[in-house]
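Single-letter residue listing:
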Amino acid sequence: MTMTDPIADMLTRLRNANQAFHDSVAMPYSKLKAGVAEILQQEGYITSFDVKDNVTDAGEPAVGKTLTITLKYGRNRERSIAGVRRISKPGLRVYAKHTGLPKVLGGLGVAIISTSQGLLTDRQANQKGVGGEVLAYVW
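Residues numbered from 1 in each chain as written. Predicted model: local features only at pLDDT ≥ 70, side-chain atom pairs only at ≥ 80, totals over all residues. Heavy atoms only, no water.

K.L.:
So what's going on with the pairing of strand E3 (residues 61-71)? Which residues, and what values?
P.N.:
In terms of strand pairing, strand E1 (residues 24-28) meets E3 through 5 bridges, oriented antiparallel. What sits directly across from methionine 27, in E3, is leucine 67. In terms of strand pairing, strand E2 (residues 46-55) meets E3 through 8 bridges, oriented antiparallel. Residue pairing across strands places valine 51 opposite leucine 67, the latter belonging to E3. The loop that links E2 with its antiparallel partner E3 comprises 5 residues; one of these, glycine 59, has a positive phi angle of about 90°. (Pairing = 2+ DSSP bridges. Helix = DSSP H or I, 4+ residues; strand = E, 2+ residues; numbered from the N terminus.)

Shown next as structure tokens:
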């Protein structure tokens, strides 16, 4: 079965694992998901991410790769990710010009934007003066 919105699936898996205090979460790999994970790591929302080739039970290589994200928690097990929200959906794409980039929680959160120069945060896109598709908000 094909998935219509793999980014929403990634964010939902991340949200569910975070709410259940899991240490890590695995999902099918794509370059876009790895880019989102890289931004989350740069901004300090996750500890790390890893890409591995799939292997069958017999030890043979299988089709596709797996992206594993290691979640980050505070000293007393407080969550580093308070919320995740998908903004641009397949049914309604949301774009922002470089003059109207969104601010998440007055600058405390991060907007992930897909631009012509790759995936950027709202601050990076503002510095470079580029706009694009607003993929998600993380706070």
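K.L.:
Lay out helix H1 (residues 6-19) in plain terms, naming residues and giving numbers.
P.N.:
Taking 1.5 Å per residue as the helical rise, H1 with its 14 residues ought to reach 20 Å, and the 20 Å between its terminal C-alpha atoms agrees with that figure. Where H1 is concerned, the buried positions are Ile7, Asp9, Met10, Leu11, Leu14, Ala17 and Asn18. Buried residues in H1 make contact with E1, helix H2 (31-42), E3, strand E4 (84-86) and strand E8 (132-138). Downstream of H1 by a residue or two, phenylalanine 21 has a phi angle that is positive, lying close to 60°. (Expected span 1.5 Å × (residues − 1). Buried < 20%, exposed > 50% of the residue type's maximum accessible area, 1.4 Å probe, protein only. Contact = heavy atoms within 4.5 Å.)

K.L.:
Describe the packing of aromatic side chains, listing the residues and the values that go with them.
P.N.:
One pass over the structure, following the stated rule, counts 1 aromatic pair. A centroid spacing of 5.7 Å and a plane angle of 40° characterise the contact between phenylalanine 21 and tyrosine 73, whose relative ring orientation is tilted. Residue phenylalanine 21 is found in the loop between H1 and E1, and its partner tyrosine 73 is found in the loop between E3 and E4; the two are separated by 52 residues along the sequence. On the basis of relative accessible area, phenylalanine 21 is assigned to the partly exposed category, the value being 32%. A relative accessible area of 15% places tyrosine 73 in the buried class. The ring of tyrosine 73 carries the charged tip of arginine 77 above its face, separated from the ring centre by 4.3 Å. (Phe/Tyr/Trp six-rings, centres within 6.5 Å; stacked < 30°, edge-to-face > 60°. Lys NZ or Arg CZ within 6 Å of the ring centre and 35° of its normal.)

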